[in-house]
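Results of the structural survey
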Amino acid sequence: MSNSRNTNTVIRVTPTLSTDAYGDNEVLFDATEIPHAVLGDNGCSKLLSLTILNQNVDVLDIDIVFMQVQTNLGTINAAIDISDSDAEAAKILATCKVDGSACKTGLNAQIIYTIGATSMSANVVSGLFPILLQANSGSTSVYFTAILRDATPTFAADDLDFIFHIEK
C-alpha cells in the first residue's frame, strides 16, 4: 500500500560539464534545473541533504548556488562574470560549500560526497542543511550552479551526479 501523504522525494540531476581542463574559481556548469523541487506554483520545500557522485577521481571543492531564476554566473569553464543586477534577478536562495576532503567516501573509482544537517559519519559535513528552496512564480523548479575551488580537473561531460533529498 502506498502512502499518498509522503511528499519526500529524491531528485537526480546530471549537469553538463566542459571536457576541457578547468581552473580555480571557474564556473563548473551552467545553471541547471532541479525539476519539481517544490509542490505547486511558487511552492517551497526543504532540501534535507545532498549527495554528489563524482565519477572523476579528483577531490572536488565547490560552492553551490541555489536560485529561483535560471541565471548563469558566467561562461562554463571560465571565471565568474555576473553583474550585480543579474545576481539580484536570479533570486539567489542559498549557497553551500562542499569541501571534498572533509565529506568524501570512495566507491571503486568514484568519490561520493554527502552533505547533511548532522554529522553521522566521517563523510557528512554538519551544520549546512536544511535549506529552503522556493520556486519562482509560475514554476515548480529551482536552479543550481557551482563554482570550482582549489582544483584544476578535467571531466567527462556527465561525471557529476547531484542527488537532492527533498521534503515537500
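In what follows, the accompanying structure is described. (Residues numbered from 1 in each chain as written. Predicted model: local features only at pLDDT ≥ 70, side-chain atom pairs only at ≥ 80, totals over all residues. Heavy atoms only, no water.)

Concerning unusual backbone geometry
Of note, Asn-25 is a non-glycine position whose phi angle comes to about 60°, a positive value. Structurally, Asn-25 is set in the loop between strand S1 (8–13) and strand S2 (27–34). Unusually for a residue other than glycine, His-36 sits at a positive phi of about 55°. Owing to a relative accessible area of 54%, His-36 belongs among the exposed residues under this scheme. (Helix = DSSP H or I, 4+ residues; strand = E, 2+ residues; numbered from the N terminus. Buried < 20%, exposed > 50% of the residue type's maximum accessible area, 1.4 Å probe, protein only.)

Structural notes on the packing of aromatic side chains
Enumeration according to the criterion identifies seven aromatic pairs in this entry. Ring plane angle 65° and centroid distance 5.5 Å describe the contact between Phe-29 and Phe-162, whose orientation is recorded as edge-to-face. Note that Phe-29 is positioned in strand S2 and Phe-162 in strand S11 (residues 160–167), a separation of 133 residues in sequence. Of the residues examined, Phe-29 reaches a relative accessible area of 0% and is grouped as buried. Residue class for Phe-162 comes out buried when judged on its relative accessible area of 0%. Ring geometry for Phe-144 versus Phe-164: centroids 5.0 Å apart, planes at 75°, classification edge-to-face. Of the two residues, Phe-144 sits in strand S10 (residues 142–149) while Phe-164 sits in strand S11, which places them 20 residues apart along the sequence. The exposure class of Phe-144 is buried, given its relative accessible area of 0%. With a relative accessible area of 0%, Phe-164 lands in the buried category. (Phe/Tyr/Trp six-rings, centres within 6.5 Å; stacked < 30°, edge-to-face > 60°.)

As for the sheet that holds S2
Spatially, four strands are ordered S2-S10-S4-S5 in an open sheet, and the strand pairing comes out antiparallel. For this open sheet the edge positions go to S2 and strand S5 (92–98), each flanked by a neighbour on one side alone. Here the average twist between neighbouring strands, direction ignored, is 20°. Relative to S5, strand S4 (residues 61–67) runs antiparallel, the two sharing six bridges. Pairing of Met-67 across the sheet is with Ile-92, part of S5. (Pairing = 2+ DSSP bridges. Axes fitted to C-alpha atoms, helices over the stretch in contact; angles between N-to-C directions.)

What to know about the nonpolar core
With 34 residues, the main nonpolar core has Ile-52, Ile-62, Ile-64, Phe-66, Phe-162 and Phe-164 as its most contacted residues. Excluding residues within four positions of it along the chain, Ile-62 makes contact with Leu-28, Ile-52, Cys-96, Lys-97, Val-98, Ala-146, Ile-147, Leu-148, Arg-149 and Phe-162. Counting eight residues, the second largest nonpolar core, distinct from the first, contains Ala-31, Leu-73, Tyr-143 and Ile-147. (Core = buried A, V, L, I, M, F, W, Y, C linked by side-chain atoms within 4.5 Å. Contact = heavy atoms within 4.5 Å.)

Regarding the environment of Ala-90
Relative to the assigned elements, Ala-90 resides in the loop between helix H1 (84–89) and S5. Residues Ala-90 and Tyr-143, spaced 53 residues apart in sequence, show a C-alpha to C-alpha distance of 9.3 Å. The contact partners of Ala-90, leaving out residues within four places of it in the chain, are Met-67, Gln-68, Val-69 and Thr-71.

Notes on the pairing of S4
Counted residue by residue, S4 has seven buried out of seven residues, so it is predominantly covered. Judged by which residues are buried, S4 turns out to be covered on both faces: Asp-61, Asp-63, Val-65 and Met-67 on one side and Ile-62, Ile-64 and Phe-66 on the other are all buried.

Observations concerning the pattern of salt bridges
Enumeration according to the criterion identifies three salt bridges in this entry. Between Asp-63 and Lys-97 there is a salt bridge whose closest N-O contact spans 3.3 Å. In this pair, Asp-63 sits in strand S4 while Lys-97 sits in strand S5, placing the two residues 34 residues apart along the sequence. The residue Asp-63 makes a salt bridge to Arg-149 at a minimum N-O spacing of 2.8 Å. Placement of Asp-63 in strand S4 and of Arg-149 in strand S10 is noted, with a sequence separation of 86 residues between them. Looking at Asp-63, the relative accessible area reads 15%, which means it is buried. Each member of the salt-bridge network shares a partner with another, and the members are Asp-63, Lys-97 and Arg-149. (Salt bridge = Lys/Arg side-chain N within 4 Å of Asp/Glu carboxyl O.)

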